[in-house]
Amino acid sequence: MAARGQWGSKTGFILAAAGSAVGLGNIWRFPYTTGENGGGAFVIIYLICVALIGLPIMMSEIMIGRAAQKQPVSAFHTLQGGRSGWSGVGWLGVFAGFIILSYYVVIAGWAMDYTLKSVVNFSAPITQEARVESLTYRAETSVDDMREMLIARKADRLGRETTRTIRWKVRPSSMEAYNEFMTALTEAGGGAEARQRLLSDETLRRQVAEAEAINPEIETAIAQARTDAEAEYAGHDDVTIQTEAVDVIRRGVINDKVTNAFLSVAQDGWMSIFWTAIFMVLTITIVAGGISGGIEKACFFLMPALFVLLILLVIYGMFQRGFGEAMSFVLKPDLHEMRPSSVLAAMGQSFFSLSLGMGAMITYGSYQQSKKGLAGQSITIAGLDTAVALLACFMIFPIVFSFDQEPSAGPGLIFMSMPLAFAEIGPAGMLLGAIFFGLLVFAALTSSISLLEVVASYFIDEQGWSRKKAVWTLGIIIFLFSMPSAFALDPGFAMGGWIGSYGGSFDFLTTVDYLASNWMLPVGGFFIAIYAGWVMPKRMREAEVEGLAPIFYTGWLILARFVAPAVVILVLLQSIGILNADEVLHDLLN
Ligand code: TRP
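In this text the structure is predicted, and so the values were computed from the model without any measurement. (Residues numbered from 1 in each chain as written. Predicted model: local features only at pLDDT ≥ 70, side-chain atom pairs only at ≥ 80, totals over all residues. Heavy atoms only, no water.)

Draft legend 1. Layout of the overall build of the protein chain. Within the protein chain one finds 26 helices and 0 strands. The globule rule puts the C-alpha radius of gyration for 590 residues at 25 Å, and the 26 Å found for the protein chain is close to it. Considering only C-alpha atoms, the protein chain reaches an extent of 80 × 60 × 50 Å along its principal axes. Of all 590 residues assigned to the protein chain, the portion counted as buried reaches 54%. Summarising the internal contacts of the protein chain: among those between residues at least 6 apart in sequence, 82% fall at separations of at least 24. Taking the 39 positively charged and 50 negatively charged side chains of the protein chain as two groups, their mean positions are separated by 11 Å. (Helix = DSSP H or I, 4+ residues; strand = E, 2+ residues; numbered from the N terminus. Rg over C-alpha atoms; globule rule 2.2 N^0.38 Å. Buried < 20%, exposed > 50% of the residue type's maximum accessible area, 1.4 Å probe, protein only. Contact = heavy atoms within 4.5 Å. Lys, Arg positive; Asp, Glu negative; His and termini not counted. Charge placed at Lys NZ, Arg CZ, Asp CG, Glu CD.)

See the structure below:
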């Protein structure tokens with residue numbers, strides 16, 4: 001067998017591992033998941049997950065990889081000195097990598113599409129149209145109507161904020177029952193008689209009463225919001241009102257058009273699969289070329305470039321009027337804003353973003369021979385990854401709030417918000433857009449290669465395939481599996497009908513992402529922590545921590561043995577419904 005590849009240097013390992021970690025997970029997935037889960041509180045839970053679960057598992061993976069010098073499936077065989085059930089963890093990883101890569105390439109494909117579109121400046125006509133429409137609005141609308149529009153808009157925002165807080169006084173289960181009751185009531189045509197009939201159940205009657213008890217308070221809050229909004233605009237003169245109203249309309253038009261531009265890509269399965277194919281070929285070519293070499297060098301320039309661009313765009317955001325709102329959204333924890341599934345989402349996000357739970361870091365670690373620097377490397381990688389994720393939020397949310405966009409817009413968030421900013425910036429925005437999406441594609445590439453590497457290295461190490469054969473075969477098979485994701489939002493295909501057919505509102509891509517990130521990775525990570533903390537022969541474990549201060553070693557051991565596995569299990573149990581943290585939280589807060 002040919003000698004196994006090795007990293008060019010220690011920095012090479014860190015660059016590659018950070019390249020694997022920093023990707024769509026930070027810039028595409030983290031902001032939209034934060035948006036869907038209400039902001040600040042989610043961010044804090046995420047940071048806790050990184051510290052308590054992510055870091056120790058990252059150390060565990062690198063440790064296992066370095067000790068075994070093998071990819072995940074064989075690593076457990078080697079360390080156990082023979083066939084062992086632990087290799088099932090490796091298998092789960094190979095499978096998870098397969099699934100994640102299958103939709104990862106679709107999103108990366110969209111980013112490629114956007115790079116090219118920015119080059120031809122797709123937002124310029126949008127900006128022009130918006131200006132024309134806002135001119136018409138200005139000519140045809142009286143200042144009084146404009147004032148009314150602004151007040152109503154403000155009142156709506158203020159009202160939504162306060163009613164959300166008031167709703168929290170009702171138990172989540174009662175609120176749910178109440179919503180079901182209201183739907184049934186509407187279906188029955190309403191009326192006192194139907195109401196009576198539906199409320200024959202004792203429990204339901206209590207729940208509905210509980211939910212309706214807050215109605216007066218909500219009405220007062222909505223009236224108050226209106227008064228506050230009126231007060232805010234009372235002092236504004238006509239010119240100020242006109243300027244703001246026209247701006248709101250103009251931004252609204254841009255927002256609609258950019259949203260449509262995104263949908264026209266996402267809902268076009270053929271277009272999506274076209275870009276997916278191109279991205280997949282890029283990934284295959286790089287992985288076929290071996291692990292060191294070109295990619296290590298490209299990382300050296302392009303990762304810092306991405307970092308600098310993010311900072312520039314954050315600075316741009318500081319001058320936008322949505323900046324304050326964005327900061328308080330991302331930084332101010334508000335437990336009322338949390339969704340029931342937020343903790344699971346935060347945990348899944350930490351696994352996804354750090355490339356953990358499927359053996360990617362075992363594989364990358366296996367190309368390293370040094371026994372030093374385990375903790376330092378892990379902290380560097382996790383720190384960089386977290387910094388990029390936070391920067392992405394600071395970049396995106398000022399734009400989201402400046403354009404009245406919904407933070408909870410979902411997976412399209414990055415594609416529907418960043419072009420707004422590029423459109424506003426003008427001609428230079430075009431260039432910035434191309435660079436931004438281009439660097440995003442690059443970041444995605446350094447991550448996708450790690451996913452393909454894990455899958456392919458099994459066939460290289462265990463089945464004796466040549467690298468070329470393994471990479472092309474697996475790459476093409478995974479590409480075939482990416483088709484349902486690429487066509488997931490296309491209304492003209494079978495997958496279009498998949499949405500909501502089981503009552504939910506998840507499309508196919510979101511569903512596999514949910515399954516892989518929130519379930520497969522944490523389960524894999526759980527076993528990896530258990531293995532490194534309890535099962536792995538002590539002498540091997542200790543050989544990997546050469547030079548590590550005893551206090552750090554003990555700290556890691558406690559986290560890997562007890563804390564990380566326990567947290568993962570608790571979160572998963574809560575998600576299955578065996579433990580109801582939602583109601584517990586409600587009781588704690590009231
Ligand atoms: N971490 C990458 C990102 O944030 C995605 C990724 C690459 C990954 N390799 C992985 C996720 C292995 C889980 C496991 O975009």
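Draft legend 2. Geometry of the packing of helix α3 (residues 40–68) against helix α18 (residues 374–402). The contact between α3 and α18 brings their axes to 9 Å, and the two run at 145°. Crossing of α3 against α18: the hand is right-handed. Mapping the contact onto sequence places Val43, Tyr46, Leu47, Val50, Leu55, Met58, Met59, Ile62, Met63 and Arg66 in α3 and Leu374, Ala375, Gln377, Ser378, Ile379, Ile381, Ala382, Asp385, Thr386 and Leu390 in α18. In the contact of α3 with α18, the residues fall into 15 nonpolar, 3 polar and 2 charged. (Axes fitted to C-alpha atoms, helices over the stretch in contact; angles between N-to-C directions. Left-handed = near helix turned anticlockwise from the far one by under 90°. Nonpolar A, V, L, I, M, F, W, Y, C, P; charged D, E, K, R; others polar.)

Draft legend 3. Spatial organisation of the site of the ligand. As a matter of local geometry, the ligand sits amid 17 residues, with Ala21, Gly25, Tyr104, Phe352 and Ser450 nearest to it. Here leucine 24 contributes a backbone N or O atom positioned 3.1 Å from an oxygen atom of the ligand. Between the ligand and glycine 25, the relevant distance is 2.8 Å, taken from an oxygen atom to a main-chain nitrogen or oxygen of the residue. Alone, the ligand offers 360 Å² of accessible surface; in the complex the protein occludes 100% of this. (Near = heavy atom within 4 Å. Polar contact = N/O pair within 3.5 Å; in protein donor to acceptor, adjacent residues only side chain to side chain. Areas by Shrake-Rupley, 256 points an atom, 1.4 Å probe, with all protein chains shown as cover.)

Draft legend 4. Up close: the nonpolar core. Formed by 167 residues in total, the largest nonpolar core has its most connected members in Ile64, Phe397, Phe415, Met418 and Phe436. By residue number, the principal contributor to this core is helix α20 (residues 427–461), which donates 18 residues. If we ignore the near neighbours within four places in the chain, the residues touching phenylalanine 436 are Ile27, Leu309, Leu310, Leu313, Met395, Ile414, Met418 and Phe422. Counting residues in hydrophobic clusters, the runner-up holds 15 residues, among them Met175, Phe181, Leu199 and Leu204. (Core = buried A, V, L, I, M, F, W, Y, C linked by side-chain atoms within 4.5 Å.)

Draft legend 5. Structural view of helix α16 (residues 342–353). If you check α16, its first and last C-alpha atoms are 16 Å apart, about what 12 residues at 1.5 Å a residue would give, namely 16 Å. Of all 12 residues in α16, 11 are buried, a share of seventy percent or more. Of the positions making up α16, those classed as buried are Ser342, Leu344, Ala345, Ala346, Met347, Gly348, Gln349, Ser350, Phe351, Phe352 and Ser353. (Expected span 1.5 Å × (residues − 1).)

Draft legend 6. Layout of the environment of isoleucine 62. Looking at the element boundaries, isoleucine 62 is found in helix α3. For the pair isoleucine 62 and threonine 363, spaced 301 residues apart in the sequence, the C-alpha separation amounts to 8.0 Å. Dropping the residues within four chain positions of it, isoleucine 62 is found in contact with Phe13, Met361, Gly365, Gln368, Leu374, Gln377 and Ser378.

Draft legend 7. Quick look at a nonpolar patch on the surface. A cluster of nonpolar side chains, contributed by Val281, Trp472, Ile476, Ile477, Leu480 and Phe481, occupies part of the molecular surface with about 530 Å² of accessible area. Structurally, isoleucine 477 can be placed in helix α21 (residues 467–481). (Patch = residues over 30% accessible without salt bridge, like charges linked within 9 Å, V, L, I, M, F, W, Y side chains within 5 Å. Salt bridge = Lys/Arg side-chain N within 4 Å of Asp/Glu carboxyl O.)

Draft legend 8. Seen up close, the packing of aromatic side chains. Taken as a whole and assessed by the stated rule, the structure comprises 30 aromatic pairs. With 5.4 Å between their ring centres and 85° between their planes, tryptophan 534 and phenylalanine 562 make a pair best called edge-to-face. Within this pair, whereas tryptophan 534 is found in helix α23 (residues 508–535), its partner phenylalanine 562 is found in helix α25 (residues 550–576), the two being separated by 28 residues in sequence. Residue classification places tryptophan 534 among the partly exposed positions, given a relative accessible area of 43%. We classify phenylalanine 562 as partly exposed; its relative accessible area is 48%. Members of the aromatic cluster, each reached through a chain of ring pairs, are Trp110, Tyr114, Phe262, Phe415, Phe422, Phe436 and Phe437. Taking NZ or CZ as reference, arginine 29 lies 4.9 Å from the ring centre of phenylalanine 352, over its face. Of note, arginine 561 hangs over the ring of tryptophan 534, and the distance from its end group to the ring centre comes to 4.4 Å. (Phe/Tyr/Trp six-rings, centres within 6.5 Å; stacked < 30°, edge-to-face > 60°. Lys NZ or Arg CZ within 6 Å of the ring centre and 35° of its normal.)

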